[in-house]
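Residue-level structure breakdown
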Amino acid sequence: MKTSRPVGIIGYGAYIPMNRLKASEISRVWGGCAEPIEEKAVASIDEDAVTIAVECARYAIKRAKIDPREIGAIYVGTESKPYAVKPCGTIVAEAIGATPHVTAADYEFACKAGTEAFQACIGLVSSGMVKYAMAIGADTAQGRPADPLEYTVACGGAALIFTLKSERTLAYLEGSYSYVTDTPDFWRRGLEMYPRHGNRFTGEPAYFRHIIGAAKGLMAELGYGPEDFKYAVFHQPNVKFPVKVAKRLGFSMDAIKPGLIVPYVGNTYAGSTPIGLAATLDVAEPGDRILVVSYGSGAGSDAFSFVVQDAIMEGRPRDLPVSAFIARKRYIDYSLYSRMRGKIHL
Amino acid sequence: MSVPRYWREIKYRYRLIGELCTECGAIIFPRRRLCPHCGCRELEECKLSETGTVLSWTVIQHPPKGYEKYAPYVVALIKLDDGAQILSQVVDVEPEEMRVGLRVEATFRRVREDGSSGIIEYGYKFRPIIEEP
Ligand SMILES: [Zn+2]
């Protein structure tokens, strides 16, 4: 998909809670299996998808140096809404001072809810309906105790602010692509605390088929091959999948390394691909081309091609990189984790 | 707190907005009807600084109703960089890491919730300033 007028990213911000639970601690409690990551980020007892979204939004506004009253759209992609009915987007809009002249809503599409919000924001900006549009992917994902998923489900998010391409934008969009089918690989019914998944069904017909479909579709539309991209970010439910999909698509480890944060953060669901993009923008140089492909169960992928612009260098000494949030950590044990994530009922 | 009262306070709690006394220049938080320093009624809204320094602090072990799930937690008197003083929870810190002079910044957190079906009250808390590693 291409926009009628060129669109760029004017600001981005990520946030990762400081608590870390080591995979070895989960193995200690439930018995070992192959640990898919090192450790994961866990929200504190007073954090949720809304507070994470607000943190991301504030960092993005700081980096963009814009007046929040000029933001015309705020979309929060999440599968961990604190309220079943009452939008996260309104709370974020109020907290950053964007109310009341703003459209706000929440997007739901498992781990790709954040990039689905990118698509909507890009459309609103390129049509001229709004000057700035903010898309946020933020989650405090839950995994059933002793489920293999428990090793990876994590908390964190990132926000992007889109506007028309100019000298002030940090990167501009070349095109996007979405690839969606009805694939029941993972779901959570209403009022259930934990999701269910189709085990081996989550790989080939789900993650790989959709990411490869979206990546190849976008590259064909733009006339690019993997060699045209300096960096690539693929959704990161564990370490194995993004590494494998990069290889199959012809991308090197060097291309995915800056955005591969899952070993130290875990799978932040709707936050996963946006944080990977943020971490890549932290190190990219003007002229670098970045491929971004999300994956959301249910299922689908959104692919984007961004080209980094000169303005990215200006904020670099001033703004906090994703690595600052990865370095800021305190380890918790399984008991504290159970308390923080509401697994103990009094 | 009742839902209407929470709703009236949202702007001030979410965005750290206080008042400036037009008579004596004092910065007032939370909002009052009159300036506690000179009694003036002409008060203007003003955005407070989001960074400050801890003046004193304590650990709350036995919290008031509605705050039980967060205990134990740290409450500190903070001097904001614009001169205002504010009482706030400090998070992402262990009690043994607290000290007078600690530099802190505002964050956005859950402050209180009305059971599992009621309203969730969000607002400011403070945390040690996040810096580049
Ligand atoms: Zn006064």
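A quick note: this is a predicted structure, and the numbers were derived from the prediction, not measured.

1. Brief notes about the overall build of chain A
When its secondary structure is counted, chain A shows 12 helices and 14 strands. Its C-alpha atoms give chain A a radius of gyration of 18 Å, near enough to 20 Å, the size a compact globule of 346 residues would have. Oriented by its inertia axes, the alpha-carbon framework of chain A measures out at about 55 × 45 × 40 Å. Here chain A holds 346 residues, and the buried ones make up 64% of them. Here chain A has roughly 12,900 Å² of accessible surface; of this, 54% comes from carbon and sulfur atoms.

2. Section: the domain arrangement of chain A
Interfaces are often sized by the accessible area lost when the parts come together. Residues and elements named next belong to chain A. Partitioning chain A into domains gives domain 1 (7-169 + 321-334) and domain 2 (171-313). Placing the centre of domain 1 and that of domain 2 at their C-alpha centroids yields a distance of 16 Å. Contact with domain 2 buries surface across domain 1, with Tyr12, Cys111 and Gln119 losing the most and accounting together for 15% of the total. Taken together, domain 1 and domain 2 are joined by 2 salt bridges. Notably, a salt bridge pairs Lys112 with Asp302, separated by 3.0 Å at the nearest N-O pair.

3. Here we look at the coordination of the zinc ion
Around a metal, the perfect tetrahedron of four donors has angles of 109.5 degrees, and the perfect octahedron of six donors has angles of 90 or 180 degrees. All names here are of chain B. Looking at the zinc ion, the protein donor atoms are Cys21 (SG), Cys24 (SG), Cys35 (SG) and Cys38 (SG), and they sit 2.3 to 2.4 Å from it. Around the zinc ion, the 4 donor atoms sit at angles spanning 101 to 114 degrees, and that spread fits a shape best called tetrahedral. Mapping the donors of the zinc ion onto the primary sequence yields the spacing C-x2-C-x10-C-x2-C. With Cys24 in the loop between strand E1 (17-21) and strand E2 (27-28) and Cys35 in the loop between E2 and strand E3 (43-47), the pair connects residues that are 11 residues apart, well separated along the chain. Judged by relative accessible area, Cys24 falls into the partly exposed class, the value being 40%.

4. What to know about the side chain of B:Ser88
Residues and elements named next belong to chain B. Tracing the backbone shows Ser88 in strand E6 (residues 85-90). Take Ser88: its relative accessible area is 3%, and that puts it in the buried class. Setting aside anything within four residues of it in sequence, one finds Ser88 in contact with Val74, Val75, Ala76, Ile78, Tyr124, Lys125 and Phe126.

5. What to know about the pattern of salt bridges
Scanning all chains against the criterion turns up 29 salt bridges over all chains. Close ionic contact of A:Asp48 with B:Arg110 constitutes a salt bridge, the shortest N to O distance being 2.6 Å. Taken as a pair, A:Asp48 in the loop between strand E3 (39-42) and helix H2 (49-64) and B:Arg110 in strand E7 (residues 103-113) lie in two separate chains rather than in one. One exposure class covers both A:Asp48 and B:Arg110, and it is buried. Among the ionic pairs, B:Arg127 bridges to A:Glu55, the shortest N-O distance being 3.1 Å. Residue B:Arg127 is found in strand E8 (residues 120-128), and its partner A:Glu55 is found in helix H2; the two belong to separate chains. Here B:Arg127 matches A:Glu55 in class, with each residue buried. Because the salt bridges share partners, they merge into one network encompassing A:Asp46, A:Glu47, A:Arg328, B:Asp92, B:Arg109 and B:Lys125.

6. Topic: the interface of chain A and chain B
With 33 residues of chain A in contact, the opposing surface of chain B contributes 26 residues. Between chain A and chain B the total buried area reaches about 2,300 Å² when both faces are included, carbon and sulfur atoms providing 52% of it. A per-residue breakdown of the area chain A buries against chain B is headed by A:Asp46, A:Arg58 and A:Tyr83, which together make up 22% of the total. Across the chain A-chain B interface, the total number found is 8 salt bridges. Linking chain A to chain B there are 17 residue pairs in polar contact (both at pLDDT 80 or more). Residue assignment for the side of chain A that touches chain B shows that the elements contributing at least two residues are H2, helix H3 (88-96) and helix H11 (322-327) of chain A. Considering every element that reaches the side of chain A that touches chain B, the biggest residue donor is H2(A), with 6 residues. Per-class residue counts for the side of chain A that touches chain B are 17 nonpolar, 5 polar and 11 charged.

7. Thoughts on the domain arrangement of chain B
Residues and elements named next belong to chain B. Taken domain by domain, chain B comprises domain 1 (1-48) and domain 2 (49-133). For domain 1 and domain 2, the distance between their C-alpha centroids amounts to 19 Å. Counting residues at the interface gives 11 residues for domain 1, matched by 17 residues for domain 2. Interface area for domain 1 against domain 2, summed over the two sides, is near 1,200 Å², with a carbon-plus-sulfur share of 66%. The largest per-residue losses of area from domain 1 upon contact with domain 2 belong to Tyr6, Leu16 and Leu48, which jointly make up 40% of the total buried on that side. Our count for the domain 1 to domain 2 interface comes out at 1 salt bridge. Residues Lys47 and Glu50 are paired through a salt bridge, measuring 2.8 Å at the closest nitrogen-oxygen approach. Counting across the interface, domain 1 meets domain 2 through 4 residue pairs in polar contact (both at pLDDT 80 or more). Here the side of domain 1 that touches domain 2 takes 5 residues from helix H1 (residues 3-15), the largest share from any one element. In the side of domain 1 that touches domain 2, the residues fall into 8 nonpolar, no polar and 3 charged.

Cut-offs used in this document
Residues numbered from 1 in each chain as written. Chains lettered and ligands numbered in written order. Predicted model: local features only at pLDDT ≥ 70, side-chain atom pairs only at ≥ 80, totals over all residues. Heavy atoms only, no water. Helix = DSSP H or I, 4+ residues; strand = E, 2+ residues; numbered from the N terminus. Rg over C-alpha atoms; globule rule 2.2 N^0.38 Å. Buried < 20%, exposed > 50% of the residue type's maximum accessible area, 1.4 Å probe, protein only. Areas by Shrake-Rupley, 256 points an atom, 1.4 Å probe, with all protein chains shown as cover. Domains from an automatic or database assignment. Buried area = accessible area lost by both parts, 1.4 Å probe. Salt bridge = Lys/Arg side-chain N within 4 Å of Asp/Glu carboxyl O. Donors = N, O, S within 2.8 Å, 3.2 Å for Na, K, Ca; no water. Tetrahedral: all angles 85-135°; square planar, octahedral: opposite > 155°, others 65-115°. Contact = heavy atoms within 4.5 Å. Polar contact = N/O pair within 3.5 Å; in protein donor to acceptor, adjacent residues only side chain to side chain. Nonpolar A, V, L, I, M, F, W, Y, C, P; charged D, E, K, R; others polar.

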